[in-house]
Amino acid sequence: MIKAGIIGATGYAGGELVRILLGHKNAEIKWFGSKNYTGKGYSSIYQNMFQIVEENCLDDNIKELAAQVDVIFTATPQGYLASVLTEDILNRVKVVDLSADYRIKDVSVYEKWYQLTHQSPQFIEEAVYGLCEINREKVKSARLVANPGCYTTCSILTAYPLVKEGLIDPDSLIIDAKSGTSGAGRGAKLPNLFCEVNENMKAYGVAGHRHTPEIEEQLSYAAGREIRVSFTPHLVPMNRGILVTEYAAMKENLTSEQVRAVYDKYYGNEKFIRVLKEDVCPETKWVEGSNYTDINFKIDGRTGRIVLMGALDNLVKGAAGQAVQNMNLLFGEKESEGLEFVPLFP
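Report on the accompanying structure. Remember, it's a predicted structure, so these values are computed and weren't measured experimentally. (Residues numbered from 1 in each chain as written. Predicted model: local features only at pLDDT ≥ 70, side-chain atom pairs only at ≥ 80, totals over all residues. Heavy atoms only, no water.)

## As for the sheet that holds strand β3 (residues 71-74)
Piece 1. In space, the 6 strands of this open sheet follow the order β2-β1-β3-β4-β6-β5, with parallel pairing throughout. Each having just a single partner strand, β2 (27-33) and β5 (128-129) make up the two edges of the open sheet.
Piece 2. Along the sheet face, helix α12 (residues 316-330) touches β1 (2-7), β2, β3, β4 (94-97) and β6 (144-146) and points at about 160° away from the line of β3. (Pairing = 2+ DSSP bridges. Helix = DSSP H or I, 4+ residues; strand = E, 2+ residues; numbered from the N terminus. Contact = heavy atoms within 4.5 Å. Axes fitted to C-alpha atoms, helices over the stretch in contact; angles between N-to-C directions.)

Okay, structure coming up:
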């Protein structure tokens, strides 16, 4: 039985980790860490856990809590784990970090985009970027997994096969992305109030969203050279979901059969990536509450471009579900264990 602890258990991603791990047959949650709710009953914070979780929240003292578990999930703001992680902790437990602290290999890029001084850059090089479908073998032997962000997971998976095979010009890639409000976290913020979000859509972080360098870094590995993309996120009035629409110039005239063959090459055997049938566009409602990513494409022969589309649940495949998928790899479990639930509808 894998003994797990969650720091940041009372945030949206942390709450989703609790929900998923409670259904995992080979894992148990030993403690629920929360700086803001220390000493309070977990089910008093999330009433859906009434008579399911009886424990109180502990603090976020990772050094002391590490002695009780095999793996720690840190669903915390950027900068937390980097400020407390030590060699001793990594020698004792596996860590799956849901923040951006170890996703970007160039510390100067991280510090520029996140406006933070990285306090443990010595661990950046060994951290494995936990996009399971791409880095599966590396994850298996890791001590520290940098769990990808929600926008980045959807954006990268949607374009990766075509970038890797050199079928599109990656520098021409434009990513138009939309997210539900849970992606902004559970903290009270004026822009996320109901009256601000309801009946409204807006772009934000235009030409400067902090997920941009993460997308560029991972797709640069696929391209074999440094690339630049245009990424624009939008906030939409729904709880969950990421939808990306990506546009890129094709390097040669391609048929739908050729493109589909490339997606099948990379994702044909992947449990959690569904390449949809021709002319079926991904929709957030068909992945809600699940660990699936739905992907499709449309060739625009008139402009010589291809339109790529992807959808996932930002709290599951975009956060907690992917984190559990990484845990399964770390401990030799069936990769889909605890994650084989169908999407919710309606």
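## A short note on the packing of aromatic side chains
Piece 1. Inspection of the entire model under this criterion finds 9 aromatic pairs.
Piece 2. Taken together, a centroid distance of 5.7 Å and an interplanar angle of 45° make the contact between Tyr 42 and Tyr 46 tilted.
Piece 3. When its relative accessible area of 0% is taken as the criterion, Tyr 42 is described as buried.
Piece 4. Among the residues examined, Tyr 46 registers a relative accessible area of 13% and is labelled buried. (Phe/Tyr/Trp six-rings, centres within 6.5 Å; stacked < 30°, edge-to-face > 60°. Buried < 20%, exposed > 50% of the residue type's maximum accessible area, 1.4 Å probe, protein only.)

## Here we look at the pattern of salt bridges
Piece 1. Evaluated as defined, the whole model comprises 22 salt bridges.
Piece 2. We note a salt bridge from Arg 228 to Glu 216, for which the minimum N-O separation is 3.6 Å. Note that Arg 228 is positioned in the loop between α10 (212-223) and β9 (230-235) and Glu 216 in helix α10, a separation of 12 residues in sequence.
Piece 3. On the accessibility criterion, Arg 228 (47% relative accessible area) is partly exposed.
Piece 4. A relative accessible area of 9% places Glu 216 in the buried class. (Salt bridge = Lys/Arg side-chain N within 4 Å of Asp/Glu carboxyl O.)

## Concerning the pairing of β2
Piece 1. The buried fraction of β2 is high, at 5 of 7 residues.
Piece 2. By the bridge criterion, 6 bridges tie β1 to β2 in an arrangement that is parallel. Bridge assignment links Ala 4 to a residue of β2, and that residue is Ile 29.
Piece 3. Regarding topology, helix α1 (residues 12-21) serves as the crossover connection from β1 to the parallel β2, and that connection is right-handed. (Right-handed = clockwise from strand over helix to strand, strands pointing away.)

## Considerations on the environment of Tyr 151
Piece 1. Locating Tyr 151 in the fold gives a position in helix α8 (residues 150-164).
Piece 2. For the pair Tyr 151 and Leu 243, spaced 92 residues apart in sequence, the C-alpha to C-alpha distance is 8.5 Å.
Piece 3. With residues up to four places along the chain from it excluded, the contact list for Tyr 151 reads Ala 177, Lys 178, Ser 179, Tyr 204, His 209, His 211, Phe 231, Pro 233, His 234 and Ile 242.

## Structural notes on the side chain of Thr 181
Piece 1. Note on placement: Thr 181 falls in the loop between β7 (174-179) and α9 (194-197).
Piece 2. Take Thr 181: its relative accessible area is 19%, and that puts it in the buried class.
Piece 3. Not counting chain neighbours up to four residues away, the residues in contact with Thr 181 comprise Val 197, Leu 235, Val 236, Met 238 and Asn 239.

Distances and angles like these do not, on their own, reveal function.
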